[in-house]
Amino acid sequence: MILRFSADARPKGQLGSWSILLISLCSLTSLLDSCRAERTNVGLIFENTNPDLEKIFHLAIEKANEQNEELNLHGVAVSIEPNNAFEASKKLCKMLRQHLVAVFGPSSNMAARHALSICDAKELPFLDTRWDFGAQLPTINLHPHPAQVGVAIKDLVTALGWESFTIIYESGEYLATVNELLKMYGTTGPTITLRRYDLDLNGNYRNVLRRIRNAEDKSFVVVGSLDTLPELFKQVQQVGLLTSSYRYIIGNLDWQTMDLEPYQHADSNITGLRLVSPANEQVLEVAKALYESEEPFQNVSCPLTNSMALIYDGIQLLAETYRHVNFRPITLSCGDDSAWDKGYTLVNYMKSLSLNGLTGQIHFDYEGLRTDFQLEVIELGVSGMQKIGQWSSADGFEMNRPAPAHTLEPDMRSLMNKSFVVVTAISEPYGMLKETADKMEGNAQFEGFGIELIDELSKKLGFTYTFYLQPDNKYGGIDPKTGEWNGMLREIIDHRADMGITDLTMTSERESGVDFTIPFMNLGIAILFRKPMKEPPKLFSFMSPFSGEVWLWLGLAYMGVSISMFVLGRMSPAEWDNPYPCIEEPTELENQFSFANCLWFSIGALLQQGSELAPKAFSTRAVASSWWFFTLILVSSYTANLAAFLTVESLVTPIEDAEDLSENKGGVNYGAKNGGSTFTFFKDAKYPTYQKMYEFMKDHPQYMTNSNQEGVDRVENSNYAFLMESTTIEYITERRCTLTQVGALLDEKGYGIAMRKNWPYRDVLSQAILEMQEQGLLTKMKTKWWKEKRGGGACSDAGDEGGALALEISNLGGVYLVLGVGAAFGVLVSVLEMLLGVKERSTENKVNFKDELLDELRFIIQCSGNTKAVKYPKNSGSSSNSNASSKSKGSSLSVDTLPEDPSDADVEAVRERRTNHAKK
């Protein structure tokens, strides 16, 4: 608002009041500036991908102000895109005008370096939380020095007794961390292999990991950033490097913040280091306030990263400094040479302090580096993260592994020192013979999920066992002919075996003869069938982007626009032109928009090729513009969808569920294992579809099999579906990539350990199995035998190497067909035009048709020259009359009927008088 006063009309009293008001405003402005100057502003530049940094930054300032009421810290936080150095510099320059006393820099290297250079020029303290080897004024790097972290890794390798091992590192900047490891043995000691895993392949590390797997080393030191480590370990598990044969040391102090639950039940030994301990009361208090939860660490991982903890500690360090010194900040600008003369003094004072923070004791050496610190050594186990020792700069690594917890309850000791006979059957992966050239006997010859389950139970409960194979490999049931039990269950009932284990389904019939533990695996009946086959592309697949209705409306629109152009062209005077520009007053006017030309104009615009025709009248231009806009959107939409319809091949399968299978859709036959629990399920089922399937299997015994393997082979080699347990299907589809499970589970049931009726140890075994389920041991065992052992995981990466496939002739056959038909049609029309022309000339000039045709063909065969002589010229009069006659039939108007101009008669009279005068 602008106030204007006249110099003559302004009273003196009013002038005085405005002067007082102006003085008051100036006083208020100076007061606000002084308040702002008294406030101690601290800046934070953080990446917008990590908003928790801002939250803990303000939380730390709030805590610091609570502890010291005289301290008036105020946070100024700005977010940037990761590694955007320009944005970081621009926003930092704006922050400098707000009386900053320190700046916490971003965690991305490029942006941090630019921010550091600006703070260096302004002598403003810069607090860094990055993994960085260089620290210079005015930088305070709160992160433990990477060289000392390398010493910690070396001490850990030495304490664990590793000799030959492989260092898996992300990029060259991490080599300085493992420098101490590379100097461990010199040139004559054990071999240390270096493998870089990030080769700029868009996050695909599998090729490197496969080479590591094929090497001899089983011990690995992994050093990399938190951006790549989660994907690295995911692919490590996929290639089979997370088994009991391998052991790892992770050199990243943020490793504990990863989602470690997928690897919690792996059999590998994974050891790491951490700076932030969740057991620390101060850490727990901050985490509760930050995440607003009483239990912030509910899973294996700890969400509090080192950067977050170091920002918190940095604020506490700054607050401690301002308890002893109180430097008044100044306004800085990137556009001049201004600098804060107290900045370096403040940095030096901060480096001389020591305090206990979230990351332990914070202390800087004479170079300003944090080389004196403590780390916890942790190990990932089934029960989660476990501390097994600690490392310090002064004492090195000290092992302090806790004693194993006793899990044996008093009632479980009844199995101590007992010996049992266990019967099993060959069924992958529950019970198998070891693949070895050596002759093995006793329990050593068996392996599999069921074998390992009995072994784990024996370790847990203290009993011993002896395995033997069922001779006929039958699981057991009541023989319908004899009414007697057979198979493994007969062995248990006759006391020849104490327990039986394999993929033995718990059914009501079997429960009548033997007892079972609680299920160690839950499953259901499913359908095994071949994977959907790719449907061959249609001949006219190029028409697929639009439906038939759209194509129909497009044709109608094309004809409508063509007719509109034809009608409007004849109605608009501007479209009637002089065909002979040299004649000022022609006898005829010509219109370019004949119906054939209108069709040509519309098709040219539709196919984005244009034509030589150009509308002149406003009406025709309006129609043409709307047609061009219509074709622009239509062609763009067509082009956008065309690639998908040409490259994506639809998958077809004749069956989708049990309903389709019962109706034998696609001629698919089906069956199950003779006498198995699956067949029994259909026999006792009341659901009409299942009853229908049972009748089919009973009436077609040729589709029944004697083993699961026979059914699987039949599925692969014929149009056949096999009904079996879902867990077995899962095992098969991990190894046979052409097979898959179709539809949902048809029922729910479980596998249990069979034992004779009223056996006293049933509850003890069931309780032990329940504990193993809660601890995740059964899940780990299933992952091992399904996805890792015996070719497991072969189909998991089937699509990793896939890319865009080249289009084949089958995809574009319709396009070539249209081209061929169009070309053939053009040739046919051309031949007809030639014959009609020859016929017309032979009739008009009374020559032989055959001779005229032969002459025309001879000229065409010459294939040379662009001119053609007129064989039968016409006189100009007749030509003119003929031309006029022909034009009068087309898009032209005749002016012969107009009245003669009287000036022409006058000109003739004057010319006659001059002639007569000359004769005289």
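The structure this text deals with has already been given above.
Residues numbered from 1 in each chain as written. Predicted model: local features only at pLDDT ≥ 70, side-chain atom pairs only at ≥ 80, totals over all residues. Heavy atoms only, no water.

## A look at the pattern of salt bridges
Scanning the entire structure with this criterion turns up 28 salt bridges. Of the charged contacts in the structure, one is a salt bridge between Arg 490 and Glu 484, with a shortest N-O distance of 3.0 Å. On the accessibility criterion, Glu 484 (41% relative accessible area) is partly exposed. For the salt bridge of Asp 660 with Lys 665, the shortest nitrogen-to-oxygen distance reads 3.1 Å. Here the residues in one salt-bridge network are Glu 484, Arg 490, Glu 491, Asp 494 and Arg 496, joined through shared partners. (Salt bridge = Lys/Arg side-chain N within 4 Å of Asp/Glu carboxyl O. Buried < 20%, exposed > 50% of the residue type's maximum accessible area, 1.4 Å probe, protein only.)

## A look at the sheet that holds strand β16 (residues 419–424)
Strand order across the open sheet formed by five strands is β19-β16-β20-β32-β21, with mixed pairing between neighbours. With partners counted over all chains shown, the strands left at the sheet margins are β19 (464–469) and β21 (514–516), one partner each. For this sheet the average axis-to-axis angle between neighbouring strands, irrespective of direction, equals 30 degrees. In the sheet, β21 pairs with strand β32 (residues 754–756) via three bridges, with the strands oriented antiparallel. By the bridge assignment for β32, Phe 516 is matched with Ala 754. (Pairing = 2+ DSSP bridges. Helix = DSSP H or I, 4+ residues; strand = E, 2+ residues; numbered from the N terminus. Axes fitted to C-alpha atoms, helices over the stretch in contact; angles between N-to-C directions.)

## Brief notes about the pairing of strand β1 (residues 40–47)
Counted residue by residue, β1 has eight buried out of eight residues, so it is predominantly covered. Side-chain alternation along β1 places Thr 40, Val 42, Leu 44 and Phe 46 on one buried face and Asn 41, Gly 43, Ile 45 and Glu 47 on a second face that is also buried. One ladder, built from eight bridges, connects β1 with strand β2 (residues 73–80); its direction is parallel. Residue Leu 44 lies in a different strand from β2, and its bridge partner there is Ala 77. Regarding topology, helix α2 (residues 52–67) serves as the crossover connection from β1 to the parallel β2, and that connection is right-handed. Direction of pairing for β1 relative to strand β3 (residues 100–104): parallel, over a ladder of four bridges. Looking at β3, one finds that Val 42 is bridged to Ala 102. (Right-handed = clockwise from strand over helix to strand, strands pointing away.)

## Notes on the sheet that holds β2
The strand order across the open sheet formed by five strands is β2-β1-β3-β4-β5, and the pairing between neighbours is parallel. Every interior strand has two partners, whereas the edge strands, β2 and β5 (139–141), have only one. Along the sheet, successive strands turn relative to each other by an average axial angle of 20 degrees, direction set aside. Strand contacts of α2: β1, β2 and β3, with the helix running at about 175 degrees to β2, the strand carrying the most contacts. (Contact = heavy atoms within 4.5 Å.)

## Re the layout of surface pockets
Gaps between atoms show up when a probe of the same size as a water molecule is rolled over them. Approximately 1,300 Å³ is the volume found for the largest pocket. Taken together, 44 residues form the lining of the largest pocket, with Lys 673, Asn 674, Gly 675, Gly 676 and Asn 706 sitting closest to its centre. Contributions of two or more residues to the lining of the largest pocket are made by α15 (508–511), α20 (677–684), α22 (708–717), β29 (720–725) and α23 (726–733). The element that contributes the greatest number of residues to the lining of the largest pocket is α20, accounting for six residues. Split by residue class, the lining of the largest pocket holds twelve nonpolar, 18 polar and 14 charged. (1 Å grid on protein atoms, 1.4 Å probe; cavity = no way out; pocket = protein on both sides within 12 Å on 5 of 7 lines; lining within 4 Å. Points joined across faces, edges and corners; volume = space filled by probe spheres on them. Nonpolar A, V, L, I, M, F, W, Y, C, P; charged D, E, K, R; others polar.)

## Let's talk about the state of the cysteines
Taken as a whole and assessed by the stated rule, the structure comprises one disulfide. Covalently, Cys 93 is tied to Cys 334 through a disulfide, its sulfur atoms 2.1 Å apart. With the S-S dihedral at roughly -100 degrees, the linkage between Cys 93 and Cys 334 falls on the left-handed side. With a gap of 241 residues between them, Cys 93 in helix α3 (residues 85–95) and Cys 334 in the loop between α11 (306–321) and α12 (343–351) connect regions that are remote in the sequence. The partly exposed category is assigned to Cys 334, whose relative accessible area is 35%. (Disulfide = S-S within 2.5 Å.)

## Overview of a nonpolar patch on the surface
Taken together, the side chains of Val 827, Leu 828, Val 831, Leu 832, Leu 835 and Phe 849 define a hydrophobic patch exposed on the protein surface, amounting to about 490 Å² of accessible area. With five residues, helix α26 (residues 809–844) is the single largest residue contributor to the nonpolar patch. Mapped onto the fold, Leu 828 is located in helix α26. (Patch = residues over 30% accessible without salt bridge, like charges linked within 9 Å, V, L, I, M, F, W, Y side chains within 5 Å. Areas by Shrake-Rupley, 256 points an atom, 1.4 Å probe, with all protein chains shown as cover.)

## Quick notes on the environment of Val 847
Mapped onto the secondary structure, Val 847 falls in the loop between α26 and α27 (849–862). Val 847 gets classed as partly exposed once you look at its relative accessible area, which sits at 29%. Beyond its immediate stretch of four places on either side in the chain, Val 847 contacts Arg 841, Ser 842, Glu 852 and Tyr 872.

## Observations regarding the nonpolar core
Residues Leu 304 and Ile 315 are the most contacted members of the largest nonpolar core, which totals 63 residues. Not counting chain neighbours up to four residues away, the residues in contact with Leu 304 comprise Ile 56, Thr 257, Val 276, Val 283, Leu 290, Tyr 291 and Leu 358. Counting residues in each nonpolar core, the second largest holds 36 residues, with Val 422, Phe 449, Leu 457 and Leu 765 among its members. (Core = buried A, V, L, I, M, F, W, Y, C linked by side-chain atoms within 4.5 Å.)

## Re the pairing of strand β15 (residues 396–399)
Looking along a regular strand, one sees the side chains alternate between the two faces of the sheet. Here four bridges tie strand β14 (residues 384–392) to β15, and the two strands are oriented antiparallel to one another. Within β15, the position partnered with Gly 389 by the bridge is Met 399. Between β14 and the antiparallel strand that follows it, β15, lie three residues.

## Things to note about the side chain of Asp 217
Inspection of the secondary structure puts Asp 217 in the loop between α7 (206–214) and β8 (219–223). One polar contact links Asp 217 to Ser 164, side chain to side chain, over a distance of 2.9 Å. In terms of polar contacts, Asp 217 uses its side chain to reach the side chain of Thr 166, at 2.6 Å. Leaving out residues up to four positions away in the same chain, Asp 217 has contacts with Ser 164, Phe 165, Thr 166, Thr 193 and Tyr 246. (Polar contact = N/O pair within 3.5 Å; in protein donor to acceptor, adjacent residues only side chain to side chain.)

## Some remarks on the packing of aromatic side chains
Inspection of the entire model under this criterion finds 34 aromatic pairs. A ring pair is formed by Phe 373 and Trp 391, whose centres lie 5.7 Å apart and whose planes are at 50 degrees; its orientation type is tilted. Linking Phe 373 in the loop between β12 (360–362) and β13 (374–381) with Trp 391 in strand β14, this pair joins segments that are 18 residues apart in sequence. The class for Phe 373 is buried, based on a relative accessible area of 3%. A centroid spacing of 6.0 Å and a plane angle of 85 degrees characterise the contact between Tyr 731 and Trp 786, whose relative ring orientation is edge-to-face. Residue Tyr 731 is found in helix α23, and its partner Trp 786 is found in helix α25 (residues 777–788); the two are separated by 55 residues along the sequence. Residues Tyr 731 and Trp 786 agree in their burial class; the two are buried. Of note, Lys 673 hangs over the ring of Tyr 475, and the distance from its end group to the ring centre comes to 4.3 Å. (Phe/Tyr/Trp six-rings, centres within 6.5 Å; stacked < 30°, edge-to-face > 60°. Lys NZ or Arg CZ within 6 Å of the ring centre and 35° of its normal.)

## Some thoughts on empty space enclosed by the protein
Summed over the entire model, instances satisfying the criterion amount to two cavities of 30 Å³ or more. Approximately 40 Å³ is the volume found for the second largest cavity. Around the second largest cavity, the lining residues are Leu 44, Ile 45, Phe 46, Glu 47, Leu 53, Gly 105, Pro 106, Ser 107, Thr 129, Ser 307 and Ile 311. When contributions to the lining of the second largest cavity are tallied by element, the ones reaching two or more residues are β1 and α11. Among the elements that line the lining of the second largest cavity, the one with the most residues is β1, at four residues. Tallied by class, the residues present in the lining of the second largest cavity amount to six nonpolar, four polar and one charged.

Any functional reading would require information that these geometric values do not contain.
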